[in-house]
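As a plain string of letters, each chain reads:
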Amino acid sequence: MDTGTHLVMGFTLAGLAHIDPVVAASPSLAIAVAFGTVIASQAPDIDGVLRLKNNAVYIRNHRGITHSLPFLLLWTVLITAAITLVFRDVSVLHLSLWTGIAVCVHVFSDMFNTYGTQAFRPFTERWISWNIIHIFDPFIFGTHLSAILLWVLGIVQPAPLFTILYSVTICYYAWRTIVHFLKTAQMVRLDPSYLEGDKYYVLPTVYLRQWHLVKLRSDGSYDIGRVNRSDLQWSQQSVVSSNHPAVVSSKEHANVKAFLYFTSFAVADVEIIMNGYVVRWVDVRYLHRTQYPFVAVVVMDKHFTPISSYIGWLSEEKMNERLSIDYSS
C-alpha cells in the first residue's frame, strides 16, 4: 500500500487495540500502543532511504529484506524496546502484541498489490504480488480515515468502531480476492484470440470495475489491455523484446540488472541514434495511456559502451531531457 494508507491503518490499529481489556483499562498503555502501531505501520518502508544512494539499489531492495519473515520479529522487538524506554511501566506483552500485529498487517497488505514483496525471505527471494488491491485503494483509505475522525471527535467508542471497520476491511479483501479469481478465469471466454498456453495477469486499478490486463503468450510475447466489467480492449499486442546486440550488452549494466531482478515482465526495445543506441527496458504491467513509466534506459555508443542511464519512474519526454538523448541524424 502507499505511505498514506499504511499511516491511517497504523492509527486504526491503535483504535482496534481497545478490544484488548488491558489496553482499554490503561491510558498510558493505550498511548504506548498507538506509538507502536503507527511506527510499526511505517517501519518496513524504511528502505526508502536507499533512494539517497541510487534508484537501482532502491528498486532492487525496496520491499525486500525489510518485509521478510525475520524482520517481522525484528521490527516488533526494536520498536517495543524503544517505546518501553519512555513508557517504563506498561505491559511489554500487550505492547509487543499490537506492535507485531501492525508490522504483519503492513507486510500482508503489500502482498495484495502488483508491486509485491519478498515476504518469504530467507526461504525464497521470489516477489510475492497477488495483484488484487491497487497500491492506493480509495475504499480502504476512505473508510479508515472516516473511522479515525469518528474516534477523534468522540462520536463512537473505539472498540466497537474499529471492530466493525476491520470486519468490513477483511470482507472487502475477501470480496476483491474472489472477484480477481473470477475475472482471471473469465479472460479465456472474453478473449476471442485465446490460444492454449496463454496466461492472463489481471491487475487492479483505483477503479473497482476496471482492471489492467497482461496476456503472456506461449511464444513469450505480451498483449496489453484493459477490462471494464465484461468489456475487453487491447491497447498493444505482440509486444516482444528485441534481440539486438545492444539489448544483450545492456543486461550487464547495474540499472538493468536491478530492473530484471525486480520484474519478470520486462521487455526491451532499441532505438538507433546518431552516436549509438538507446535501449529501453519497460515493465509491461505499468502501461499508462500510451507509455510505460517504469523503465530502465541505457544510452550507449556504437561500441555498446554506456554513456548514460536511468532506472525508475519517468515519462518519455522527461527521460529524453534527463539523458540528453540526441536523435539528430
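Bear in mind the structure is a predicted one, so any value in this text is a computation, not a measurement.

Time to look at the sheet that holds strand 7 (residues 294-301). As summarised here, the arrangement of the four strands in space is 5-6-7-8, forming an open sheet in which the pairing is antiparallel. Edge positions in the sheet fall to strand 5 (266-273) and strand 8 (306-313), since each of these pairs with one other strand and no more. In this sheet, neighbouring strand axes are inclined to one another by 15° on average, regardless of whether the strands run parallel or antiparallel. Here helix 10 (residues 254-262) sits on the sheet in contact with strand 5, strand 6 (276-283), strand 7 and strand 8, set at roughly 150° to strand 7. Here helix 11 (residues 316-323) sits on the sheet in contact with strand 6, strand 7 and strand 8, set at roughly 145° to strand 8.

Once that is clear, we can look at the environment of H62. Positionally, H62 belongs in the loop between helix 4 (55-61) and helix 5 (69-84). Taking relative accessible area as the criterion, H62 reaches 10% and is therefore assigned buried. Distance in space between the C-alpha atoms of H62 and G36 is 22 Å, their sequence separation being 26 residues. Once residues within four sequence positions are removed from consideration, H62 is found in contact with D45, D47, Y115 and W127.

Here we take up the packing of helix 1 (residues 3-16) against helix 8 (residues 158-190). Helix 8 packs onto helix 1 with a crossing angle of 125° between their chain directions and a minimal axis gap of 8 Å. When the axes of helix 1 and helix 8 are compared, the pair comes out oblique. With respect to the hand of their crossing, helix 1 and helix 8 are arranged in left-handed fashion. The segment helix 1 lies against helix 8, with M9, T12, L13, G15 and L16 engaging P158, A159, F162, T163, L165 and Y166. Of the residues that constitute the contact of helix 1 with helix 8, the class distribution is eight nonpolar, three polar and no charged.

All right, on to the UniProt feature "transmembrane region" (unreviewed entry) in the chain then. As annotated by UniProt and renumbered to match this structure, "transmembrane region" (unreviewed entry) occupies residues 69-87, 93-112, 132-153 and 159-179. Its end C-alpha atoms 33 Å apart, residues 132-153 is made of 68% helix and 0% strand. For the annotated span residues 159-179, helix accounts for 100% and strand for 0% of the residues, and the straight-line distance between the end C-alpha atoms is 30 Å.

Let us look at the pairing of strand 8. Here strand 7 runs beside strand 8; their pairing, made up of seven bridges, is antiparallel. By the bridge assignment, M300 is partnered in strand 8 with P306. Between the end of strand 7 and the start of strand 8, which pair antiparallel, lie four residues, with F304 showing a positive phi angle near 70°.

Before going further, it helps to spend a moment on the sheet that holds strand 4 (residues 231-239). Strands in a sheet are paired, the pairing made by backbone hydrogen bonds, and the direction either parallel or antiparallel. Strands sit in the order 1-2-3-4 across an open sheet of four strands; the sheet is antiparallel. A strand with exactly one partner marks an edge of an open sheet, and here the two such strands are strand 1 (199-204) and strand 4. In this sheet, adjacent strand axes meet at a mean angle of 20° when their direction is disregarded. Relative to strand 1, helix 8 is tilted by about 140°, and along the sheet it contacts strand 1, strand 2 (210-216), strand 3 (222-228) and strand 4.

Before going further, it helps to spend a moment on the packing of aromatic side chains. For the structure shown, the criterion picks out 22 aromatic pairs. Ring centres of F108 and F112 lie 5.1 Å apart, and the angle between their planes is 80°; this geometry places the pair in the edge-to-face category. For F112, a relative accessible area of 6% puts it in the buried group. When the ring of F262 is compared with that of F294, the centres are 5.6 Å apart and the planes differ by 85°; the resulting orientation is edge-to-face. Separated by 32 residues along the polypeptide, F262 in helix 10 and F294 in strand 7 bring together distant segments of the chain.

So, how was this worked out
Residues numbered from 1 in each chain as written. Predicted model: local features only at pLDDT ≥ 70, side-chain atom pairs only at ≥ 80, totals over all residues. Heavy atoms only, no water. Pairing = 2+ DSSP bridges. Helix = DSSP H or I, 4+ residues; strand = E, 2+ residues; numbered from the N terminus. Axes fitted to C-alpha atoms, helices over the stretch in contact; angles between N-to-C directions. Contact = heavy atoms within 4.5 Å. Buried < 20%, exposed > 50% of the residue type's maximum accessible area, 1.4 Å probe, protein only. Parallel < 35°, antiparallel > 145°, perpendicular 65-115°, else oblique. Left-handed = near helix turned anticlockwise from the far one by under 90°. Nonpolar A, V, L, I, M, F, W, Y, C, P; charged D, E, K, R; others polar. UniProt positions renumbered as here; feature names shortened; annotations may be inferred. Phe/Tyr/Trp six-rings, centres within 6.5 Å; stacked < 30°, edge-to-face > 60°.

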